[in-house]
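Observations on the three-dimensional arrangement
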Amino acid sequence: MIRFSARYVAMAACALAFASAAHARDRAATITILDGQASLVHAATRLAAAEGALIEAEDIVETTPNTALVRLELEGGATLDLGPASRVMVKPQLAAANSGALVYVLEGWAKLTVGPSSERGKVVLASAPVDVTGLDRDLVLHVKGMEAELFAESGKVQTLVASKSGMAAPTSVDKGAFLARRADGAVNVAPRPAANFIQAVPRAFMDTLPSRLALFKGKDIKLNPAGRMGYEDTQAWLNAEPRMRTRFLTRWKPLAQDEAFRRALIDQMPQHPEWHKVLFPSQAASQPARKPVSPVSNIVTSSEAVKP
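Note that the structure is predicted; figures quoted are calculated from it, not measured.

About the criteria used
Residues numbered from 1 in each chain as written. Predicted model: local features only at pLDDT ≥ 70, side-chain atom pairs only at ≥ 80, totals over all residues. Heavy atoms only, no water. Helix = DSSP H or I, 4+ residues; strand = E, 2+ residues; numbered from the N terminus. Buried < 20%, exposed > 50% of the residue type's maximum accessible area, 1.4 Å probe, protein only. Contact = heavy atoms within 4.5 Å. Areas by Shrake-Rupley, 256 points an atom, 1.4 Å probe, with all protein chains shown as cover. Salt bridge = Lys/Arg side-chain N within 4 Å of Asp/Glu carboxyl O. Pairing = 2+ DSSP bridges. pLDDT = per-residue confidence, 0-100. Phe/Tyr/Trp six-rings, centres within 6.5 Å; stacked < 30°, edge-to-face > 60°. Lys NZ or Arg CZ within 6 Å of the ring centre and 35° of its normal. Axes fitted to C-alpha atoms, helices over the stretch in contact; angles between N-to-C directions. Left-handed = near helix turned anticlockwise from the far one by under 90°. Nonpolar A, V, L, I, M, F, W, Y, C, P; charged D, E, K, R; others polar.

**Comments concerning the overall build of the chain**
- Counting secondary structure elements, the chain contains eight helices and 19 strands.
- Counting every position in the chain, which comprises 308 residues, the buried fraction comes to 45%.
- Of the contacts formed within the chain by residues at least 6 apart in sequence, a portion of 53% connects residues at least 24 apart.
- Carbon and sulfur atoms make up 55% of the accessible area of the chain, which amounts to about 16200 Å² in all.

Shown next, in the form of structure tokens:
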């Protein structure tokens, strides 16, 4: 019979508690509804999403054009619903703002719902055309390039909108109102959503669905690989605004070891010039240092910065 000392048992219990706490810190969200197909990009690996899947900070979730709904229940109580053809990053660090956000929407449909104690003054939701810095309850956002449509469904929303001049313009959207930011920089706030927006909103966003997080508590959902990531799978993110795309220099550097991926990076270098120093470090080292550029103080970057 093997006997364990009280000290050993106590040490083991502490180790288990520490491991449990560390694992809990890793969880940024959980997929609790999946109606259709979606993929999860963790580091440089693409996985097939499934209900109960753990989402870590800076994981990417992408839906297909035929996906009806993906719901993420975030740590802290917020929920994020995604519609078809959508790409988001969960809890990213924003380089220009030197701070984090609950979600970054690269493109597509997102509905964000928060509790009454949401922080103000910080970025809650970010995208190239508009950042949300205050949210009473929930909003619906549609992003396509530098165009954005935002509906303040059940409370006031505070935003910073990329204006024609390139400066971030604080804009308040009252409950029930609708903000539209066009590709040319024009911004309009109307008392109610446009008819074409109402027609296009994913039907699933109109349903009130209870939390399903408790169904997956304590479960370890194993996800299946969803194929090797090629350049075409990463291109939209690599061509994003600088505060996002520069985060992939280290994260996706291993992918550049693939000859086809590397060749595509070189062919498209004007779209993401920062990769030159990664692919050709000896050339970068031989070039004279450039004068540092003063950081942009606005959370929404300048008009030059948002150009891919």
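Structure's up, so let's keep going.
**So, the pattern of salt bridges**
- Scanning the model with the defined rule gives 15 salt bridges in all.
- For the salt bridge of E241 with R243, the shortest nitrogen-to-oxygen distance reads 3.0 Å. Assigned by exposure class, E241 and R243 land together as buried.
- Note that R263 is salt-bridged to E259, the shortest N-O span being 3.5 Å. Within this pair, R263 and its partner E259 are both found in helix α6 (residues 259-267), separated by four residues, close to a single helical turn.
- Taking relative accessible area as the criterion, R263 reaches 43% and is therefore assigned partly exposed.
- The structure contains a network of salt bridges with shared partners spanning E62, R87 and E107.

**Regarding the pairing of strand β2 (residues 38-42)**
- Counting buried residues along β2, four of its five residues qualify, which places the element largely inside the surrounding structure.
- Across four bridges, β2 lies against strand β5 (residues 60-63) in antiparallel orientation. Paired with A38 across the strands is T63, a residue of β5.
- Joining the antiparallel neighbours β2 and strand β3 (residues 45-48) is a turn of two residues, in which A43 adopts a positive phi near 55°.

**Brief notes about the confidence of the model for the chain**
- Confidence in the prediction of the chain, expressed as mean pLDDT, is 85, and 81% of residues score 70 or more.
- Scored below 50 in pLDDT, residues 1-25 makes two contacts in the model with residues more than four places away or belonging to other chains.
- Across residues 292-308, confidence stays below pLDDT 50; counting only partners more than four residues off in sequence or on other chains, it has 35 contacts.

**Quick look at the packing of aromatic side chains**
- In total, this model carries six aromatic pairs according to the counting rule given.
- For the pair Y104 and W237, a centre-to-centre distance of 6.3 Å together with 50° between the ring planes defines the contact as tilted. In this pair, Y104 is assigned in strand β11 (residues 103-113) and W237 in helix α3 (residues 231-238), connecting sequence segments 133 residues apart. Like W237, Y104 is buried.
- Here Y231 and F261 contribute two aromatic rings whose centre-to-centre distance is 5.8 Å and whose plane-to-plane angle is 70°, an arrangement assigned as edge-to-face. Highlighted residues: Y231 in helix α3 and F261 in helix α6, separated in sequence by 30 residues. Both residues of the pair, Y231 and F261, count as buried.
- Among the aromatic side chains, those forming a connected cluster through ring pairs are Y104, W237, F248 and W252.
- Note that R262 overlies the ring of F280, its terminal NZ or CZ placed 5.6 Å from the centroid.

**Thoughts on the environment of V124**
- Tracing the backbone shows V124 in the loop between β11 and β12 (125-126).
- The exposure class of V124 is buried, given its relative accessible area of 7%.
- In sequence terms V124 and V114 are ten residues apart; their C-alpha atoms lie 9.4 Å from each other.

**Digging into unusual backbone geometry**
- Look at E58: it is not a glycine, yet its phi comes out positive at around 75°.
- As for its placement among the helices and strands, E58 is situated in the loop between β4 (54-56) and β5.
- For E58, a relative accessible area of 19% gives the class buried.
- In this structure, A85 is a non-glycine residue whose phi angle is positive, near 50°.
- Position of A85 relative to the elements: it lies in the loop between β7 (79-82) and β8 (87-90).

**So, the packing of α3 against α6**
- Following both chains from N to C, one finds α3 and α6 inclined at 35°, their axes separated by 10 Å at the closest point. You can see that α3 and α6 cross each other, and the crossing is right-handed. Seen from α3, the contacting residues are Y231, T234 and L238; seen from α6, they are F261, A264 and L265.
- Classifying every residue of the contact of α3 with α6 by side-chain character gives five nonpolar, one polar and no charged.

**Focus: the side chain of E149**
- If you trace the backbone, E149 turns up in strand β15 (residues 147-151).
- Those residues in contact with E149, other than ones at most four positions away along the chain, are V140, L141, H142, F178, L179, R182 and F197.

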